[in-house]
Structure formats: C-alpha cells, structure tokens
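Structural characterization, general
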Amino acid sequence: MRVFILCVLSQHKVINMSTSQQKLSHAVVIGGSMAGLLAARALADYAARVTIIERDTQLGEAQPRKGVPQGHHIHALLKSGEQILNTFFPGFTAALIANGARQIDFAQDAVWFHHGGWKLRYTSGLHLVGQSRPLLESTVTQFLHKYPNITWKTGWAAQEPLTNPQNTRVTGVRIQHDDGTSEDMHAALVVDASGRGSKTPRWLESMGYAAPQETTVKIDLAYASRVYEIPADFHHRWVSLLVNAKAPDHLRGGYIFTNENNRWMVTLAGYSGTSMPDDDASFLEFARSLQVPDVYEAIKNAKPLTDIKVFRYPNEQRRHYEGLNRFPDGLIVIGDAFCSFDPVFGQGMTSSANQARILHKLLARMSPMELGFSQRFHKQVAGFLFVPWMMATSEDFRFPKTQGKMPFYYPIMHAYTAQIFKLSMTDPQVHLAFARVMNLIAPPTLLFSPLIVLKVIRSLLTRRETFAPTIEPRTLSVV
Ligand SMILES: Cc1cc2nc3c(=O)[nH]c(=O)nc-3n(C[C@H](O)[C@H](O)[C@H](O)COP(=O)(O)OP(=O)(O)OC[C@H]3O[C@@H](n4cnc5c(N)ncnc54)[C@H](O)[C@@H]3O)c2cc1C
C-alpha cells in the first residue's frame, strides 16, 4: 500500500513537473495595449506561439490611436513599472531615452505643488523617465518584435469565447475582422487585456457563471490636454511641473511634462464634474485658476501644437475576479479590465506591468492547463491591487462629491498621510519614503517606520508651519 501511495505521489509530481515545464501550444491575448503587450511578453517564455488580437491597425507607431484615446494625455511611468520593463526587456530605459524620453530626478527636476505646498527639491537619486504614452507603447512593441513566437493580428476584434462542451474551459476565441470575416482561434490560454470595456463579465454569464462583483468609486474626473512648443525664453527651472487638486475646495490640477522632441505635454484636470476648457482662452483661464500660477505662467506665451483633447473618466473600477468560486479554466483577465485607477496617480501601466510579472512567475510554477490556474492568478493579482487601489481611492475620498463605499479606516489614513504630505515639503527622508511608496517600489509600511512615526508625532505636537514657500531647489542630497 505504502509503495502504491509513493508511486501515485511520484507519478503526480512527474505529471505536475512535465505540465508546468511543457510549452503551451498557443496563447491568445485580446488587446495590444500595455497590459496585453506585457502579458504577451510573459507568455512568450512559456508558449510556443502567442497571438495578440488588436482591434486597431496602427500598432507600434509613436502616435495616439483610436483604441487608446488616453494616449493624448499625460502618462507617468512609476519606478516599479520601469523596473519591470527592464527585467522583461534588458536595456529598456536606455532604448526609451534613445527614442527621445527624458530621464529626471523625481525630487530635483520635477516641481510638485501637492496638498497645499511645494514638495522639497533636492537630489534624491530616484530617477524616472518622461515620455508620451504612444512612445512608451511603441518602444515596448520594438522589443516584442524580437520574439519570433509573438505575432499580431491587427484590425481583428475578439467577439466571443470558444468553450468545451461542459463550459468548464475556454478553448479559444472567435474573432472578427474589420471587413466582417470571422475566424475561430483556438488556444490553451486566452488573456483578456481589452481594457475597461472588457466583455468577460458578460461572457461569464453567457457560459453559466456569475459575473464578478464590482467596486466603483465615482470621481467624475476629466482631463483636457494639448502639446506645446517650449518657449525659447523658458528658463528651465524645472523639467516637469505638477500642481495637484486639493480637497475639499480646489478641484482643479495642472501638469506639464517635458516629453520626447522637447515638447511640453500639458494636462489640466478637474474632479467632481468640473467643466473643462475646449478653446485657447478657456484653457489658459483654467490654468490661471489653479492654486499657484506656475502652469499659467509657463504656457501663457507658449505655442500650442495640437488641439485640446478632453477625456472624461467617471469612476475607478475594480472587478473582483478573485472572489468568484467558479471560473472557467483557460481564461484570465489582466490590466484595466481587472482594475482601473484614477489616472492622476499614474498607476495603470505599472499595475499592468506588475500583473504581467505575476503571470510570468506563476507560469514558472504552474501550467495554465492545470485546474485552478485562472483563479490562482486572479487571487495573486488581487493581492497586488490592494495597495495601489487604497492609495488612489483613499485620496479621492477626500473630495466631498466622490461617491462609493468608503472603507472605515480611510479617515484615519487621511489624518496620517496629511502629516506625511506636509513633512515631505521640508524633510528629505520623509519625502523619499513617500516617493518610494508612491512609485510602488516600497511597501506603505515604510511610512510607519519608527523614525517617520516619530517625525509625524513631533509635527503634530509642534504644529509648526512647515510649508516650503518656494519651488527653488535646495542643495540637500540623500543619495
Ligand atoms: C486619461 C488617462 C490618463 C492615464 N494616465 C496614466 C498615467 O499617467 N500612468 C499610468 O500608468 N497609467 C495611466 N492611465 C492608465 C493606462 O492608460 C492604462 O492602465 C494602461 O493603458 C493599461 O491598460 P490596458 O492595456 O489594460 O487597457 P487599454 O489601454 O484600455 O487597452 C485596451 C486595448 O484593447 C483593445 N481592444 C479592446 N477591445 C478589443 C477587442 N474586443 N478585440 C481586440 N482588441 C480590443 C483596444 O483597442 C486597446 O488597444 C491613464 C488612463 C487614462 C484614461
């Protein structure tokens, strides 16, 4: 009997090892934006063939495209996202810079008016890259073209899943070309990276499963953006300028990033249904109405190179795939299709990169052909999402018109983080800790280290006015 059990166990192990080490025959990714591209990269190490199905046709060009309208607006890449891109594609940052991106020191070259004061300027050693969203996507695509097992089907849209007769496994996807032609594409794994408009909830219901529960936080945010030529007489006192809205009263923010080709991408943002500018005069007027005049001063005589593009973002949205007890194998959901954050926090692409990293790690241990792969993936992604979701939504709940179910502990967080924000205007250690947490390269517990807690208590007790009154750089350095 003992021998029999040992035999069964060892056989089981062999089966497990062979399935996880065997290459998948074919994986299909729906959507060729950041989440889809990075999922394809993760899969390329474990699948003989990966096909990206993308509705748009102009993929890989450093120009905004129809399926990614947010490409007209400012896109910050957090450090965690950049690090993952460099792991997936060694030399990524260098390639991005060679393509025109600008590397900056987050605390020295970016000036940031946040929570009613200017953040401290000093040399932090925390370097970020600044570029347009289309340039980032086209650089990722350049790297992906080096993978012979990844192919694109552009101009094709995923229509519905193909399943086994029992509906327990997704076995592929039916796709339709712009010209109306349909095709069935069979795959061992289908990855839904089709963004917020993902059809997976409906597909699940049509297959006899429950759709995931959704948490939404209604913020009624809108962006208005345009590209400017940098004026010849600009004094280059900063590379990026950020002026955040401040709850409860200041609903408006403004951002200037220096992108490739030495152009300014200027985005104005308004929360809680703020009406957005749509012509030259109202754009400048909006900029002038911000808490500090710096955005207005920078652009008032600058030459706009593009029209104003407006993007409305009604609500943050999180689909709780991790909570479903029944889920078909052969299908996973990734990126904005899973969770979409307030864009002001710049987390979406980095979240997609982290999810692709989770997929890559899971594929090293488990085959998508094994039962429960999808559910395990969704649970791990949900574990990752907790922190960025909390960081974005807790700040959004400071605005009185934000709607949704606020977790009971957010008011406590508000009180504590208000002190962190205040201290990061004068204290480089607190600033750097905050910047690392915000860039998702350190856990939020860093803000509760004994030293920082002590500084917060001292700041509360003394109630000293610590706002830095200027955007001029200091000679401090923590590198
Ligand atoms: C205004 C705005 C500003 C933002 N700013 C930032 C920022 O500063 N930093 C940051 O990290 N993130 C930002 N984001 C979020 C970021 O754009 C997304 O998180 C990121 O693009 C990843 O999304 P995704 O790939 O999951 O989906 P999407 O980018 O929405 O892409 C979905 C893709 O799927 C394709 N598609 C859809 N349906 C189908 C179908 N049926 N068949 C085939 N293809 C299909 C679409 O054409 C598209 O290419 C911002 C978002 C918005 C709206």
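Residues numbered from 1 in each chain as written. Predicted model: local features only at pLDDT ≥ 70, side-chain atom pairs only at ≥ 80, totals over all residues. Heavy atoms only, no water.

It is worth spelling out the site of the ligand at this point. The full set close to the ligand counts 34 residues, and Ser33, Glu54, Ala76, Arg133 and Asp336 are the nearest of them. The separation between an oxygen atom of the ligand and a polar main-chain atom of Met349 is 2.7 Å. Coverage of the ligand by the protein chains reaches 95% of its 1,000 Å² of free accessible surface. Only helix 2 (34-44), strand 2 (47-54), strand 8 (156-163) and helix 9 (348-365) provide two or more residues apiece to the shell around the ligand. For the shell around the ligand, the leading source of residues is helix 9, giving four residues. Of the residues belonging to the shell around the ligand, the class tally is 15 nonpolar, 13 polar and six charged. (Near = heavy atom within 4 Å. Polar contact = N/O pair within 3.5 Å; in protein donor to acceptor, adjacent residues only side chain to side chain. Areas by Shrake-Rupley, 256 points an atom, 1.4 Å probe, with all protein chains shown as cover. Helix = DSSP H or I, 4+ residues; strand = E, 2+ residues; numbered from the N terminus. Nonpolar A, V, L, I, M, F, W, Y, C, P; charged D, E, K, R; others polar.)

Another point: the domain arrangement of the chain. Taken domain by domain, the chain holds domain 1 (9-68 + 135-215 + 316-393), domain 2 (216-314) and domain 3 (410-462). Averaged C-alpha coordinates put domain 2 and domain 3 at centres separated by 28 Å. (Domains from an automatic or database assignment.)

Glancing now at the pattern of salt bridges. Summed over the entire model, instances satisfying the criterion amount to 17 salt bridges. The salt bridge involving Arg65 is made with Glu54; its shortest N-O contact spans 3.3 Å. Taken together, the positions of Arg65 in the loop between strand 2 and helix 3 (79-88) and Glu54 in strand 2 put the pair 11 residues apart, joining distant regions of the chain. Judged by its relative accessible area of 7%, Arg65 is buried. For Glu54, a relative accessible area of 7% gives the class buried. Where Arg65 meets Glu137, a salt bridge forms, and the shortest distance between an N and an O atom there is 2.8 Å. Taken together, the residues Arg65 in the loop between strand 2 and helix 3 and Glu137 in helix 5 (residues 133-144) connect sequence positions 72 residues apart. Taken together, the shared-partner salt bridges in this structure form one network comprising Glu54, Asp56, Arg65, Arg133 and Glu137. (Salt bridge = Lys/Arg side-chain N within 4 Å of Asp/Glu carboxyl O. Buried < 20%, exposed > 50% of the residue type's maximum accessible area, 1.4 Å probe, protein only.)

Let's shift gears to the pairing of strand 8. Relative to strand 9 (residues 170-177), strand 8 is paired through seven bridges, and the arrangement is antiparallel. Residue pairing for strand 9: Ala158 is matched across the bridge by Ile175. Hairpin connection between strand 8 and strand 9: a loop of six residues separates the two successive antiparallel strands, and Asn167 in this loop has a positive phi of roughly 60°. (Pairing = 2+ DSSP bridges.)

So, about the sheet that holds strand 8. Pairing in this open sheet of three strands is antiparallel, and the strands run 8-9-10 from one edge to the other. Edge positions in the open sheet fall to strand 8 and strand 10 (182-186), since each of these has one partner strand only. Averaged over all neighbouring strand pairs, the angle between strand axes comes to 30°, with direction disregarded. (Axes fitted to C-alpha atoms, helices over the stretch in contact; angles between N-to-C directions.)

Let us look at the side chain of Asp192. Position of Asp192 relative to the elements: it lies in strand 11 (residues 189-192). Buried within the structure, Asp192 lacks any salt-bridge partner; Arg319 is the closest side chain of opposite charge, at an N-O distance of 6.5 Å. There is a polar contact of 2.6 Å between the side chain of Asp192 and the side chain of Ser194. Side-chain polar atoms of Asp192 contact the side chain of Ser198, separated by 2.5 Å. (Lys, Arg positive; Asp, Glu negative; His and termini not counted.)

Within helix 3, seven of the 10 residues are buried, which leaves it mostly tucked inside the rest of the structure. Those residues of helix 3 that fall on the buried side of the exposure criterion are Lys79, Ser80, Gly81, Glu82, Ile84, Leu85 and Phe88. In this structure, the buried side of helix 3 is in contact with helix 2, helix 4 (92-98), strand 6 (127-130), helix 5 and helix 9. (Contact = heavy atoms within 4.5 Å.)

Here we come to the sheet that holds strand 1 (residues 24-30). The five strands lie next to each other as 7-2-1-11-18, forming an open sheet whose pairing is parallel. At either margin of the open sheet sits one strand with a lone partner, and together these are strand 7 (150-154) and strand 18 (331-333). Shown here is a sheet whose adjacent strand axes are inclined to one another by a mean of 20°, direction ignored. Note that strand 1 and strand 11 share four bridges and pair parallel. If you follow Ala27 over to strand 11, its bridge partner there is Leu189. Taken strand by strand, helix 10 (residues 373-396) contacts strand 11 and strand 18, and its axis lies near 10° from that of strand 18.

Let us now look at the packing of aromatic side chains. All chains considered together, the criterion is met by 20 aromatic pairs. Here Tyr321 and Phe338 contribute two aromatic rings whose centre-to-centre distance is 5.4 Å and whose plane-to-plane angle is 75°, an arrangement assigned as edge-to-face. With Tyr321 in the loop between strand 17 (309-319) and strand 18 and Phe338 in the loop between strand 18 and strand 19 (339-340), this pair connects stretches of sequence that are 17 residues apart. Both residues of the pair, Tyr321 and Phe338, count as buried. Among the aromatic residues, ring-to-ring pairing joins Phe88, Phe89, Phe92 and Phe143 into one connected group. Above the ring of Phe143, the side-chain terminus of Lys146 is found at 4.3 Å from the ring centroid. Above the plane of the ring of Trp156 lies Lys153, whose end atom (NZ or CZ) is 4.6 Å from the centre. (Phe/Tyr/Trp six-rings, centres within 6.5 Å; stacked < 30°, edge-to-face > 60°. Lys NZ or Arg CZ within 6 Å of the ring centre and 35° of its normal.)

Time to look at the side chain of Ser124. Secondary-structure assignment places Ser124 in the loop between strand 5 (117-118) and strand 6. For Ser124, a relative accessible area of 6% corresponds to the buried category. A distance of 3.0 Å separates a polar side-chain atom of Ser124 from the backbone nitrogen of Leu126.

So, on to the packing of helix 3 against helix 9. Interhelical geometry of helix 3 versus helix 9 gives an angle of 40° and a closest axis separation of 8 Å. Put simply, helix 3 runs oblique to helix 9. The element helix 3 and its partner helix 9 pack so that their crossing is left-handed. Touching Ser80, Gly81, Ile84 and Phe88 of helix 3 are Thr350, Ala353, Asn354, Ala356, Arg357 and His360, all from helix 9. Its residues assigned to classes, the contact of helix 3 with helix 9 comprises four nonpolar, five polar and one charged. (Parallel < 35°, antiparallel > 145°, perpendicular 65-115°, else oblique. Left-handed = near helix turned anticlockwise from the far one by under 90°.)

Take the packing of helix 9 against helix 10 next. Two numbers describe how helix 9 lies on helix 10: the axes approach to 10 Å, and their chain directions differ by 140°. With respect to helix 10, the axis of helix 9 lies oblique. Relative to helix 10, helix 9 is oriented so that their crossing is right-handed. Packed against helix 9, whose contacting residues are Ser351, Asn354, Gln355, Ile358, Leu359, Leu362, Leu363 and Arg365, the element helix 10 presents Phe373, Arg376, Phe377, Gln380, Val381, Phe384 and Leu385 at the interface.

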